[in-house]
Amino acid sequence: MTPVDSLTPSQLSKNVLLGPKKAEFEGGTEGLRGFAALLVLYTHLIYPQPHVDPVYAPPNILRALDASQGGVLLFFILSGYVIGLTNRRALSWPNSKNYLWRRGLRLFPLYFLAIMVSWAVLPVDGWPAVLGNIFFLQGTFGVPGLVANSNLWSLNFEAIYYLLFFVIWWRPMLWWLWAGVAAVVGIGAGMSSGGIASVAPYASGWLYWVIGFGFSRAPKSESPPALPIFSILALWLFTWKVKPLALLLTLCGIPLESDSMWFGFYAYDFLISSLVMLMAASERRLSFTKLLIFGSFAIPVLWTLYRISQGQFFQGKETFYDVLVLSAFALIRVKPKFNIFMPLAWFGSISYAVYIFQRPVQYFIRDASWLPTGSVAAYLLRVCLIIVIVVCVSWWLEKRLQPKIRQWVTRDKKI
């Protein structure tokens, strides 16, 4: 096998079809998925509005660590990576049917249950909205998301990416070409107006997905070089919160308002640190690893230098982000020998259910009139109840119900 740190981009593109061997379980990658799910859970529990307690709202300062939408982009890059690991057979009609069946079996049973639970908690959505969500149409063709489960919006993206995988599967060694197409379409649509602007977030999210797929072609190393992962975590959070590329584009007079969602081509800088985090979790490396680490630092450093030149360093509400950049430099030599995401592997294994059931559980607790309300103690009690219920329900769904469903529907099938 080619040594990981000597793998060139061309070799990475050619190392594609490894046969039908089952992908090895990666605890670190599962832990990174758990990390992304924790970000989403944290953000929805600390949002400075009465979404947990009908009266009390937590202080806005807690949003300093809010990165749930960045966590969703981690889900996208992880999704492409896992699909790349688990679909190494050549494209054929039997393999295509097997792929669609496995994806549907993994997503739909719990997803359908989440829709029904969401509607039961807040039965305010009309049947067109409910049926549209069942068919993953939320956000398209005028189909709204469910009031009790805004998290489900990303399943529309995932369903589209699962179908777009067929164009990659046709010629897997050309994944980099589709990454380029996604990047160009994301920029073109993002700078346009009208209906075409709605394509921008799909294309930008697909870029993350395709990069994850391409990275799955990098061989795994038995003893990969350690990475300054704590520095990368600080830079990852900084890049998401500050969005320095977006600021730079705005200074250059490039309009961004035509993007119809919270991410687009102006989040391309966030892809660099996200890929390094995936490298750390998966224990795979590229020949240009050092270049990616340099890129993770480059834009935050330029932003900091600009702040210093304007006399704004350690001034105002953005001081926290100055601290993140300094922390990244202070921790650059700290390179743990262990996989820091591994302890979250168990949570990652139930993260899908956590993601799609967290919102309805939260609203159920919010509207529970039998619980105390209007104080910090009442808010903390409700947060604890939400976490316990979400984790317990998700564990039962993922570890008990889903295996039984799979066993029942596959007893006469080869999957």
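What you are looking at is a predicted structure, and each value in this text was computed from that prediction instead of being measured.

S.K.: Help me understand the overall build of the protein, please; the structure alone is not making it clear to me.
M.R.: Looking only at helices and strands, the protein features 16 helices and zero strands. Of the contacts made within the protein by residues no fewer than 6 positions apart, 79% connect residues no fewer than 24 positions apart. Of the side chains in the protein, 34 bear a positive and 18 a negative charge, and the two mean positions are spaced by 9 Å.

S.K.: I would appreciate a short explanation of the nonpolar core in the present structure.
M.R.: Among soluble globular proteins, nonpolar side chains are generally buried collectively. Residues M277 and F341 are the most contacted members of the largest nonpolar core, which totals 111 residues. Apart from the residues lying within four places of it in its own chain, the contact partners of M277 are L32, F35, L74, I229, I232, L233, W236 and F341.

S.K.: Could you clarify how one ought to interpret helix α10 (residues 244–251) in this entry?
M.R.: One turn of an α-helix holds 3.6 residues; hence residues three or four places apart share an orientation. By the burial criterion, the buried members of α10 are P244, L245, A246 and L249. Check the buried side of α10 and you find it contacts α9 (229–242), α11 (268–282) and α12 (289–309). Following α10 by one or two positions, G253 adopts a phi angle in the positive range, close to 80 degrees.

S.K.: Please clarify how the packing of aromatic side chains should be interpreted in this entry.
M.R.: How two aromatic rings sit relative to each other is given by the distance of their centres and the angle of their planes. Applying the stated criterion across every chain yields a total of 30 aromatic pairs. Members of the aromatic cluster, connected to one another through ring pairs, are Y99, F165, F166, W169, W209 and F213. Across the ring face of W170, the terminal group of R171 is positioned such that the distance to the ring centre comes to 4.5 Å. Looking at K243, its charged tip hangs above the ring of W240, at a distance of 3.7 Å from the centre.

S.K.: Help me understand the confidence of the model for the protein, please; the structure alone is not making it clear to me.
M.R.: Overall, the predicted model of the protein reaches an average pLDDT of 89, with 92% of residues at or above 70. Throughout residues 1–21 the model reports pLDDT below 50, and contacts reaching past four residues in sequence, or to other chains, amount to 48 contacts.

S.K.: Is there a simple way to think about the side chain of S394 in this case?
M.R.: Turning to its location among the elements, S394 is positioned in helix α16 (residues 376–409). Engagement of the side chain of S394 in a polar contact is seen with the backbone oxygen of V390, the distance being 2.7 Å. Aside from chain neighbours lying at most four places away, what touches S394 is I350, A353 and V354.

S.K.: Is there a simple way to think about the environment of P336 in this case?
M.R.: Tracing the sequence through the fold places P336 in the loop between α13 (319–330) and α14 (345–349). Judged by its relative accessible area of 15%, P336 falls in the buried class. Residues P336 and P228, spaced 108 residues apart in sequence, show a C-alpha to C-alpha distance of 7.5 Å. Every residue in contact with P336, bar those within four places of it in the chain, is listed here: A226, L227, I229 and F230.

The rules behind these values
- Residues numbered from 1 in each chain as written.
- Predicted model: local features only at pLDDT ≥ 70, side-chain atom pairs only at ≥ 80, totals over all residues.
- Heavy atoms only, no water.
- Helix = DSSP H or I, 4+ residues; strand = E, 2+ residues; numbered from the N terminus.
- Contact = heavy atoms within 4.5 Å.
- Lys, Arg positive; Asp, Glu negative; His and termini not counted.
- Charge placed at Lys NZ, Arg CZ, Asp CG, Glu CD.
- Core = buried A, V, L, I, M, F, W, Y, C linked by side-chain atoms within 4.5 Å.
- Buried < 20%, exposed > 50% of the residue type's maximum accessible area, 1.4 Å probe, protein only.
- Phe/Tyr/Trp six-rings, centres within 6.5 Å; stacked < 30°, edge-to-face > 60°.
- Lys NZ or Arg CZ within 6 Å of the ring centre and 35° of its normal.
- pLDDT = per-residue confidence, 0-100.
- Polar contact = N/O pair within 3.5 Å; in protein donor to acceptor, adjacent residues only side chain to side chain.

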